[in-house]
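# Residue-level structure breakdown
Letter by letter, the chains look like this.
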Amino acid sequence: QSTWGQLSRVPVPLRFVSHMSGNTPQLSTEEAFKRFRATVALQRKFVGVNKQFMWEYFDSGTPSTSDPLVLLPGASGGAECFFKQVLGLSAKGIRVISVKYPAIFTFGDFVAAFDRFLDSLDLRKIHLFGSSLGGFLSQVYAQERPERLTSLALCNSFCDTAYFADQSTCLSLLPMMPEFYLKKIILDNFPQIPLEPEQADAVDFMVKQLEGLNRQDVASRLVLNTTYMAVDLPRINPQLVIVIHTLDASVPVFLIDQLAARYPDCKLAQLKTGGDFPYLAAASELNMMLEIHLRNVHNLKQ
């Protein structure tokens, strides 16, 4: 039986269960992003032995004794897709760093490059949030570097790539495929049904984000997403983990169940709506969940 079907047994605060109105947003995501870019600069760091890996990121909020929240996007996004979290949470005094990871084709290289990126920012420990593929990469990093994580937040993610690998018949060819075809593979997984205005607006924004990725970016993300890999038993305290699931997301529920089971005693949280991109379509609700999560982790550490 689905873990989420038994959610009523889990003591999740009522405010974790949210619902958006169907009203058309007053300000489109694209317009809101333009205002964001007018005040927050996109930064770049080159890391690696030959400085071959370029990380792009937004960094907002006052550095303090608290560990910052670092955000990793899924296969179709960059640092821009979390701009509503950067704005909303930094206004609450939380330092937020939204990143676009470089074109990396192996999990080992990702861990090494992420290490160097964090080192370049003098970050010893972080709270790590990942959505979809970003959530899987967050778990891979947590498995290899648990000492660097204060907490882990996973949204519409998975702990085993077998489901995606089984559907891919051309893994070895992905790095050689033309850019338009690689992007089509991702676009074919976007919602193909009529959506609420907030979700449609979010999808439009993410299509533009995908258009901004180059061939190597897209190929590397598809390779990571379809390479057989499963996260081992957690090396981070499950009480420091929150698993967030949007009920109308396209990720299969059995993958979310599998993810929740991997972290016994983790916090489970639901968004009734928000689709595949709740960080855009249900930003206020997601921000509230993350703020409560960070507060709970702080209290647990006391």
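Presented here is a report on the structure given in the accompanying data block.

Conventions we followed
- Residues numbered from 1 in each chain as written.
- Predicted model: local features only at pLDDT ≥ 70, side-chain atom pairs only at ≥ 80, totals over all residues.
- Heavy atoms only, no water.
- Salt bridge = Lys/Arg side-chain N within 4 Å of Asp/Glu carboxyl O.
- Helix = DSSP H or I, 4+ residues; strand = E, 2+ residues; numbered from the N terminus.
- Buried < 20%, exposed > 50% of the residue type's maximum accessible area, 1.4 Å probe, protein only.
- Phe/Tyr/Trp six-rings, centres within 6.5 Å; stacked < 30°, edge-to-face > 60°.
- Lys NZ or Arg CZ within 6 Å of the ring centre and 35° of its normal.
- Expected span 1.5 Å × (residues − 1).
- Arc of directions from axis to C-beta.
- Contact = heavy atoms within 4.5 Å.
- Pairing = 2+ DSSP bridges.
- Axes fitted to C-alpha atoms, helices over the stretch in contact; angles between N-to-C directions.
- 1 Å grid on protein atoms, 1.4 Å probe; cavity = no way out; pocket = protein on both sides within 12 Å on 5 of 7 lines; lining within 4 Å.
- Points joined across faces, edges and corners; volume = space filled by probe spheres on them.
- Nonpolar A, V, L, I, M, F, W, Y, C, P; charged D, E, K, R; others polar.

### A word on the pattern of salt bridges
On inspection of all chains with the given rule, the structure shows 11 salt bridges. For D115, the salt bridge goes to R148, with nearest N and O atoms at 3.1 Å. Note that D115 is positioned in helix α3 (residues 107–120) and R148 in the loop between α4 (133–144) and β6 (149–155), a separation of 33 residues in sequence. Neither D115 nor R148 differs from the other in exposure class; each is buried. Shared partners join several salt bridges into a network, and the residues in it are D115, D119, R145 and R148.

### Topic: the packing of aromatic side chains
With the rule as written, the count across this model stands at 23 aromatic pairs. Judged by centre distance (6.2 Å) and plane angle (50 degrees), the ring pair of W55 and F110 falls under tilted. Of this pair, W55 sits in strand β2 (residues 53–60) while F110 sits in helix α3, and the two are 55 residues apart along the sequence. A ring pair is formed by F107 and F136, whose centres lie 5.6 Å apart and whose planes are at 70 degrees; its orientation type is edge-to-face. Of the two residues, F107 is situated in helix α3 and F136 in helix α4; the sequence distance between them amounts to 29 residues. Of the two residues, F107 and F136, neither departs from the other in class, the shared state being buried. Joined through ring pairs, the aromatic side chains of W55, Y57, Y101, F110, F114, F117 and Y141 make up one cluster. Here the guanidinium or amino end of R221 rests over the ring plane of Y101, the centre of that ring lying 4.6 Å away.

### Some details on helix α11 (residues 283–301)
The end-to-end C-alpha separation of α11 is 27 Å, in line with the 27 Å expected for 19 residues at 1.5 Å each. If you check which residues of α11 are buried, you get A283, E285, L286, N287, M289, L290, I292, H293, L294 and V297.

### Quick look at helix α1 (residues 29–37)
Among the residues of α1, those classed as buried are T29, A32, F33 and F36. Projection of α1 onto a plane perpendicular to its axis shows the buried side chains occupying an angular sector of 100 degrees, all on one side. Projecting away from the buried face of α1 at angles above 90 degrees are the exposed residues K34 and R35. For α1, the elements touching its buried residues are β2, α2 (83–90), α7 (197–211) and α10 (278–281).

### Here we look at the sheet that holds strand β7 (residues 241–246)
In any sheet, the strands associate via hydrogen bonds between backbone groups, in a parallel or an antiparallel arrangement. Taken in spatial order, the eight strands of this open sheet run β1-β2-β4-β3-β5-β6-β7-β8, and their pairing is mixed. Among the strands making up the open sheet, the edge pair consists of β1 (43–47) and β8 (267–271). Between one strand axis and the next, the sheet turns by 25 degrees as a mean value, whatever way the strands run. Taken together, the five bridges between β2 and strand β4 (residues 96–100) define a ladder with antiparallel strand orientation. Bridge assignment links D59 to a residue of β4, and that residue is I97. Taken strand by strand, α2 contacts β2, β3 (69–72) and β4, and its axis lies near 170 degrees from that of β4.

### Quick notes on empty space enclosed by the protein
A full pass over the atoms with the stated rule returns two cavities of 30 Å³ or more. Of the pockets and cavities examined, the largest cavity occupies roughly 40 Å³. Taken together, Q139, A142, Q143, V231, D232, L233, P234, R235, I236 and Y263 make up the full set of residues lining the largest cavity. Broken down by class, the residue content of the lining of the largest cavity amounts to six nonpolar, two polar and two charged. Looking at the second largest cavity, its volume works out to about 30 Å³. Every residue along the wall of the second largest cavity is listed here: P191, Q199, A202, V203, G274, G275, D276, F277 and A281.

### Description of the environment of F83
With respect to the element layout, F83 can be found in helix α2. For F83, a relative accessible area of 1% corresponds to the buried category. Considering only alpha carbons, one finds F83 and I186, 103 residues apart in sequence, at a separation of 22 Å. Apart from residues lying up to four places away in sequence, F83 is in contact with T29, A32, F33, F36, F205 and L280.

Bear in mind that shape data such as this cannot, by itself, settle questions of function.
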